[in-house]
Amino acid sequence: DVKVTQSSRYLVKRTGEKVFLECVQDMDHENMFWYRQDPGLGLRLIYFSYDVKMKEKGDIPEGYSVSREKKERFSLILESASTNQTSMYLCASRGGKGSDTQYFGPGTRLTVL
Amino acid sequence: DAKTTQPPSMDCAEGRAANLPCNHSTISGNEYVYWYRQIHSQGPQYIIHGLKNNETNEMASLIITEDRKSSTLILPHATLRDTAVYYCIVRVPYNNNDMRFGAGTRLTVKP
């Protein structure tokens, strides 16, 4: 079974802090994604990466950056957290020979105070 | 610029078939229809996908109209555990591209 893990299930940070959200997948997938999910707004794509050291902006990249130094790991960085970044963050991976299914992690609920 | 349109919510009686519609009138010839669902407090889960023929797996059936402008996801015997938000997505598979989720349909299965 494909496993996508996220470093924390719940996280509380203060305004202005630098926040790292880590995502690891164990299936050698090329593509990895970061979404945020807010009530009434559905899942919105922040950034995605289709290879090591590659990244593409999604719909709402402002205030975020990402890092993909190794194939299995995709990090989301909030350089200076703000209260409007309080949200559920979901990581996903996709790819592999003959498979186009996207697998999601359990999510990190981030609260910025 | 939504590619799909789904009703915001639907109810279904336990044990009955749940039929979830999706409109994708601007779908292009090489785009597939994908369905995912998200149970409360979990990440979305893949259900099924198809191009133009009807598809069935252990979870659901997918019926795509002949003109491919709409589709229906069918859960043949809905259970309470099928209560979730269901997302319909169109995209070209096996590309290095993103997968964008709309608001989906919140299905509530009632006893």
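Calculation criteria
Here the residue index of a chain counts from 1 through its sequence in written order. Chains and ligands are labelled sequentially in the order written, the chains with letters from A and the ligands with numbers from 1. With the structure being a predicted model, the display of local features is reserved for residues of pLDDT at least 70 and the display and counting of side-chain atom pairs for 80 or more, all residues being used for whole-chain, interface and lining totals. Just so you know, side-chain values use all the structure's heavy atoms and leave hydrogens and water out. Any pair of residues with heavy atoms lying within 4.5 Å of one another is described as a contacting pair. Defined here as a combined quantity, buried area equals the accessible surface (1.4 Å probe) lost by two parts on assembly, summed across both. By definition, a salt bridge exists where a carboxyl oxygen of Asp or Glu is found within 4 Å of a side-chain nitrogen of Lys or Arg. Under this definition, polar contacts are N or O atom pairs within 3.5 Å; protein pairs additionally need one hydrogen-donor-capable and one acceptor-capable atom, and for neighbouring residues in sequence, both atoms have to be side-chain atoms. Only buried residues count toward a nonpolar core, which is a set of Ala, Val, Leu, Ile, Met, Phe, Trp, Tyr and Cys residues joined through side-chain atoms within 4.5 Å. Using a 1.4 Å probe on the protein chains alone, a residue whose accessible area is under 20% of its type maximum counts as buried, one over 50% counts as exposed, and one in between counts as partly exposed. Put simply, DSSP H or I for four residues or longer makes a helix, DSSP E for two residues or longer makes a strand, and each gets a number counted from the N terminus. Note on terminology: pairs of cysteine sulfur atoms within 2.5 Å are recorded as disulfides.

Some points on the interface of chain A and chain B
Taken together, the 22 residues of chain A in the interface contact 19 residues of chain B. When chain A packs against chain B, close to 1600 Å² is buried across both sides, 49% of that on carbon and sulfur atoms. A per-residue breakdown of the area chain A buries against chain B is headed by Leu-43, Asp-100 and Phe-104 of chain A, which together make up 31% of the total. Where chain A packs against chain B, one counts one salt bridge. The shortest N-O distance in the salt bridge between Asp-59 of chain A and Arg-100 of chain B comes to 2.8 Å. For the pair chain A and chain B, the number of links is five residue pairs in polar contact (both at pLDDT 80 or more).

Quick notes on the nonpolar core
As a rule of thumb, soluble globular proteins bury nonpolar side chains together. The biggest cluster of nonpolar side chains holds 21 residues, and the ones touching the most others in it are Leu-20, Trp-35, Leu-73, Leu-75, Tyr-86 and Leu-107 of chain B. Elements represented by at least two residues in this core include exactly strand S2 (18-23), strand S3 (32-38), strand S4 (45-50), strand S6 (61-64), strand S7 (70-75), strand S8 (84-91) and strand S9 (105-110) of chain B. Take this core: its biggest share by element is four residues, from S8 of chain B. Setting aside its immediate chain neighbours within four residues, Leu-73 of chain B contacts Ala-18, Asn-19, Leu-20, Trp-35, Ile-47, Ile-48, Ala-60, Ser-61 and Tyr-86 of chain B. Within the second largest apolar cluster, 20 residues are counted, among which are Ile-60, Val-66, Leu-78 and Ala-81 of chain A.

Things to note about the state of the cysteines
In total, this model carries two disulfides over all chains according to the counting rule given. Note on cysteine connectivity: Cys-23 of chain A is disulfide-linked to Cys-91 of chain A, with sulfurs 1.8 Å apart. Taking the sign of the torsion about the S-S bond as the criterion, the disulfide between Cys-23 of chain A and Cys-91 of chain A, at about -80 degrees, is left-handed. Here Cys-23 of chain A, found in strand S3 (residues 19-25), pairs with Cys-91 of chain A, found in strand S9 (residues 87-94); they are 68 residues apart in sequence, far enough to count as distant. Assigned by exposure class, Cys-23 of chain A and Cys-91 of chain A land together as buried. The disulfide partner of Cys-22 of chain B is Cys-88 of chain B, and the S-S distance across this bridge is 2.1 Å. Taking the torsion about the sulfur-sulfur bond, which here is approximately -85 degrees, the covalent link between Cys-22 of chain B and Cys-88 of chain B counts as left-handed.

In short, geometric facts, not functional conclusions.
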